[in-house]
Structures are given as structure tokens and as C-alpha cells.
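Coordinates in review
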Amino acid sequence: MKSATPKVLHEICGRSLVGHVLASARELEPENLVVVVGHAREKVTEHLTRIDPAVRTAVQAEQNGTGHAVRMALEELGGSVDGTVVVVCGDTPLLTGETLKRLAATHGGDGNAVTVLTAEVPDATGYGRIVRDDASGAVTAIVEHKDADDAQRAIKEINSGVFAFDGQLLADALGKVRTDNSQGEEYLTDVLGILREAGHRVGASVAADHREIAGINNRVQLSEARRILNDRLLTGAMLAGVTIVDPATTWVDVTVTFEQDAVVHPGTQLLGSTHVGEGAEVGPNSRLKDTRVGAGARVDNTVSDGAVVGPQAGVGPYAYLRPGTRLGLKSKVGTYVETKNASIGEGTKVPHLSYVGDATIGEYTNIGAASVFVNYDGQDKHHTTVGSHCRTGSDNMFVAPVTIGDGAYTAAGSVITKDVPPGSLAVARGQQRNIEGWVARKRPGSAAAKAAGAASGEPDGEG
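Just so you know, the residues in each chain are numbered from 1, in the order the chain's sequence is written. Residues qualify for local features only when their pLDDT is at least 70, as the model is predicted, and side-chain atom pairs are given and counted only at 80 or more; totals for whole chains, interfaces and linings, by contrast, use all residues. Each side-chain value is derived from all of the structure's non-hydrogen atoms; neither hydrogens nor water enter the calculation.

1. Describing unusual backbone geometry
For the bond from Gly283 to Pro284, the omega torsion is 5°, close enough to zero to count as cis. Strands here are runs of E lasting at least two residues and helices are runs of H or I lasting at least four, both read from the DSSP assignment and numbered beginning at the N terminus. Here Pro284 lies in the loop between strand E17 (281-282) and strand E18 (287-289). Even without a glycine there, the phi angle at Asn301 is positive, about 50°. With respect to the element layout, Asn301 can be found in the loop between strand E20 (298-299) and strand E21 (302-305).

The structure is reproduced here in C-alpha cells:
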């Protein structure tokens, strides 16, 4: 990966590679779930603790092969286990729980000692080929590409590296795995031959989609897997009644949820725990993270992080909703408005060019254009409260802490530093005075002076 981040911690669609595998494995409802960690195990273990605290870890201090890794996992469980042991790879994020369930069902139904998950691929170059018995269909061998003859290389069914084992037979066979190979490692695939030679059945379960078994070894493959998974998520959403106008430019995380008749316009990213309600429209060109969009709301050209947009509310274009923003029913946050830790009541509008931070605004209030809630004194944050049915003028500064009472008005250009009683008009600005003739005296001969002179009938502009 050419990265300081361990491979299995790279993310696609809001979840690490190993996180995707764990989520699929959890669908089996396993009695025990063990992750074998080796390289950068401190980082990997810390990540596992955060995303799945119940998972167990087994340390493979030296990477001595796949068979050795599985042996370390069994030692974590006491050496052997009864029942079925499913082994998966930590870098296969497209593997689904449904496929693992079919693998386990095939394993138990056919009475196999081991069942390998296979796939039929368009190009099997470089993969181990699955050789079957023509009569029974049982797997007789897995032949690596470099060792395969021409007939075997024509086989399109390949080994995925995912297996289901009888737990007791697996533990016994791992003790017989040799290391007399070019790598000097314990290969898990050798277990298949050991069990077959002992008279046990080796079977296979074929994945419905060969792309599920794809492992990630570089950032090109990471990107390809991200596109496949994103398409899978969008297809599921569309089949559930969501309109995705342009799937090619829409990206979602696995944790994003929708209700029917939601509409997602082009160029939109929906991340984290974002939820889009019934009939709501998001986009174009919006990025929403951990944001809840209520039914019938409209969010256009917006960046949002940790906000709640109420039903039928309108946001944007070019709005920025920061954490703690709560927009009420039919409220509006308009063009070039930024909000943070702000509760904006039902029907209230902040239409233009404003910053609302650390504030509570009541119902059906209108905040004038170019208003700033001055919440920071250089050391501490302070709160502003604006009541219901207020009308604040354009270019207002609300210097917190301050309260504007219900039904109050504030004049344009005011700097509000004191509480405004309900129903009052607050005017906080210097009285205007006009100094006549100033331009002619201070800027003689300028374009402004000439224009003023022409307007006043005095060509020299003295007036």
C-alpha cells in the first residue's frame, strides 16, 4: 500500500477493510470471533477494540504462513474447537455475510471435512486452480498457477483463500503441516491434502459473484473495490425506493440509511450515520456526514457535519452546517450561512451571508443578512438567545452573552451588546452626519469630484 497505515485499516465506504470482513463474519453469529494480528498489531488491535469490542485477538509474532496464523487462532481458543471453523482473509472487503452463510451451509450439508470458497473468474492467471473429481464433484486438489499444466490452467474456478473446516480435524491436520517449501512457511492449503489423504471429503462452495473474493494489495485495487461496493450500496437503495440521479458521482458509506422517495442529486457524498428522510432531496454537490435530514427537506450545495435538518427545512445553496446544528420544521438556512451549535426554531429563517454560533433562535424569526453571532471573546464561548417572531436588521452583530426577547426588532447596522426586552426596537449605531463638499476639498480633480460637480451643477466639483 506504500502507507504508514496498515493495509487492513485502509477504508472504503466508511469502514476499514478488516471492519468489512468482521461485519460479514458477524452475520454468521459465531460463538467466537478471533482476529490474528501481526504487523502493526498495536494499531490494528486498538482499531478492533473500537469497532468490535467483543472480538478476540491472537498474536502471530512471526509471519510464518497462513497455516501458522490459523494455529495461533486455535491456540487462543484452547487448541481446538468443536463445530465449524470459518477462516477468512482480512483484506477482502467485498465478501458478504450471505456468501459465508452459504459456505457454512454447504459445509454442513455435504458432510465435508473442509469446504473451500471458490469463484469462477474471467481470467484465472496467477490463481490456484480448483481440480474436482468428475464423478462426485469433490475437490481433489488446489494447483497453483506456476505448477499447473495446460489443462489445469484452462480451469476458471479458483481458490479464494476462504475455508470452512471441521474444528477437530483442522487442529489435528495443522499439527502435520510441513514447512519444506520455498517460503519455509506453514500453508493452510496443505491441510486440504492432509485431510483428503486421510479419507475425508473436501468440498467447495462457489461464490455468486467472483468480485467478492478480491483481496486488496495496492491502492488501485482499493479504488476498484470502493467503486464496486458503492455501486452495490446504491443499487440496494434504488431497489428500496430511493432515486439516485447519477450513481457515477454519488458516494455513500455502508452506514447511511434512506427512507422511500428520498432523492440524491449528482456530486453528493453521504457519510457516517447520515439518514435521508422520506421525500427529502439532497444535492447536487453536497457532503453530509453524520447528518439527519427530515422528511421533505431540501439540502442544496451544502457541507454538513453532525447536524439535524428538520422536516421540510431548506438549506443552501452554499451553506455550512457544523456539529450541534438543529434546524426546526420548515426553517431555512440560506446562501453562505454557517451554523454551529445552533438551535433554529420552526419557520425561522437565516437567509443570507451570516454566522450563527452558540445560539438558540425561537420560532418564525427572521435574521437579517450579514449578521454575526459574536460568540467568542478570545478565551471562552458564550451563548446568544433570540426569541420567537423577532425581526433582526441586516449587518447586526450580537455580542454574546445577550438575549433578544420575543417579538423584538433590531435596527440594521446595530451592534447588540445588551439584552433587548420583548417587543422593543434596539438601535445600536452612531448617528449619521454628512460633511458637504468633502470630496471636492480632499480629492480635487478625481473622478468622484467631477461626478459630484456634474450632479451639483458645479464643474469644478466645489458645489
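2. Comments concerning the environment of Asn301
Think of it in three bands: residues with accessible area under 20% of the maximum for their type are buried, residues over 50% are exposed, and the middle band is partly exposed, with areas taken using a 1.4 Å probe on protein chains only. Residue classification places Asn301 among the buried residues on the basis of a relative accessible area of 16%. Each C-alpha atom, one on Asn301 and one on Gly267, is 9.2 Å from the other, the two residues being 34 residues apart in sequence. Aside from chain neighbours lying at most four places away, what touches Asn301 is Gly283, Pro284, Asn285, Ser286, Pro317, Tyr318 and Ala319. Within the local environment of Asn301, its side chain forms a polar contact with the side chain of Asp300, the two groups lying 2.4 Å apart. Contacts were defined at the residue level, with two residues in contact if any of their heavy atoms lie within 4.5 Å. Counted as a polar contact is a pair of N or O atoms within 3.5 Å, where, for protein atoms, one must be capable of donating a hydrogen and the other of accepting one, and residues adjacent in sequence contribute only when both atoms are in side chains.

3. Some words on the nonpolar core
If you look at the biggest cluster of nonpolar residues, it comprises 42 residues, and the most contacted ones within it are Leu270, Val309, Phe373 and Ile404. Of all elements in the fold, only helix H8 (219-239), strand E24 (319-321), strand E27 (338-344), strand E29 (355-361) and strand E35 (402-404) reach the threshold of two or more residues within this core. When residues in this core are grouped by element, the largest group, 3 residues, is from E29. Setting aside chain neighbours within four positions, we find Val309 in contact with Thr291, Arg292, Val293, Gly294, Ala297, Val299, Val315, Leu321 and Leu327. The set of buried Ala, Val, Leu, Ile, Met, Phe, Trp, Tyr and Cys residues whose side-chain atoms join them within 4.5 Å is what this entry labels a nonpolar core. Core analysis: the next-biggest nonpolar cluster, separate from the first, contains 23 residues, Val87, Phe165, Leu188 and Ala204 among them.

4. Examining the environment of Glu75
Tracing the backbone shows Glu75 in helix H3 (residues 66-76). Taking the relative accessible area as the measure of exposure, Glu75 reaches 48% and is therefore partly exposed. Each C-alpha atom of the pair Glu75 and Asn366 lies 67 Å from the other, and the pair is 291 residues apart in sequence.

5. Some words on the side chain of His107
Within the fold, His107 resides in helix H4 (residues 97-110). For His107, a relative accessible area of 4% puts it in the buried group.

6. Re helix H7 (residues 190-197)
Turning to H7, its buried residues are Val191, Leu192 and Leu195. In an axial view of H7, the angular spread of the buried residues amounts to 105°, which keeps them on one side of the axis. Contacts from the buried residues of H7 go to strand E6 (114-120), strand E8 (139-143), strand E9 (157-166), helix H6 (167-174) and strand E10 (202-206). Immediately beyond the C-terminal end of H7, within one or two residues, lies Gly199, with a positive phi of roughly 95°. What the arc measures is the spread of directions leading from the helix axis to the C-beta atoms.

7. Considerations on a nonpolar patch on the surface
Patches in this entry comprise residues that are over 30% relatively accessible and not in a salt bridge; like charges within 9 Å are linked, as are nonpolar side chains (Val, Leu, Ile, Met, Phe, Trp, Tyr) within 5 Å. Accessibility throughout is a Shrake-Rupley quantity obtained with a 1.4 Å probe, and a residue counts as covered only by protein chains that appear here. We define a salt bridge as a contact between a side-chain nitrogen of Lys or Arg and a carboxyl oxygen of Asp or Glu at a distance within 4 Å. On the surface, Tyr318, Tyr336 and Leu353 cluster together into a nonpolar patch covering about 360 Å² of accessible area. Relative to the helices and strands, Leu353 resides in the loop between strand E28 (349-352) and E29.

8. Section: the packing of aromatic side chains
The rule is short: rings of Phe, Tyr and Trp, with Trp giving its six-membered ring, pair when the centres are within 6.5 Å, and they are stacked under 30 degrees, edge-to-face over 60, tilted in between. Tallied over the full model, the rule gives 3 aromatic pairs. Both rings, one in Phe163 and one in Phe165, keep their centres 5.6 Å apart while their planes meet at 35°; by these two values the pair is tilted. Overall, the relative accessible area of 2% leaves Phe163 in the buried class. With a centroid separation of 5.5 Å and an interplanar angle of 15°, the aromatic rings of Tyr318 and Tyr336 are classed as stacked. With a gap of 18 residues between them, Tyr318 in the loop between strand E23 (314-315) and E24 and Tyr336 in the loop between strand E26 (332-335) and E27 connect regions that are remote in the sequence. It is Lys381 that lies over the ring of Tyr376; its NZ or CZ is 5.6 Å from the centre. As a reminder, the over-ring test applies to NZ of lysine and CZ of arginine, requiring each to be within 6 Å of the ring centre and within 35 degrees of the ring normal.

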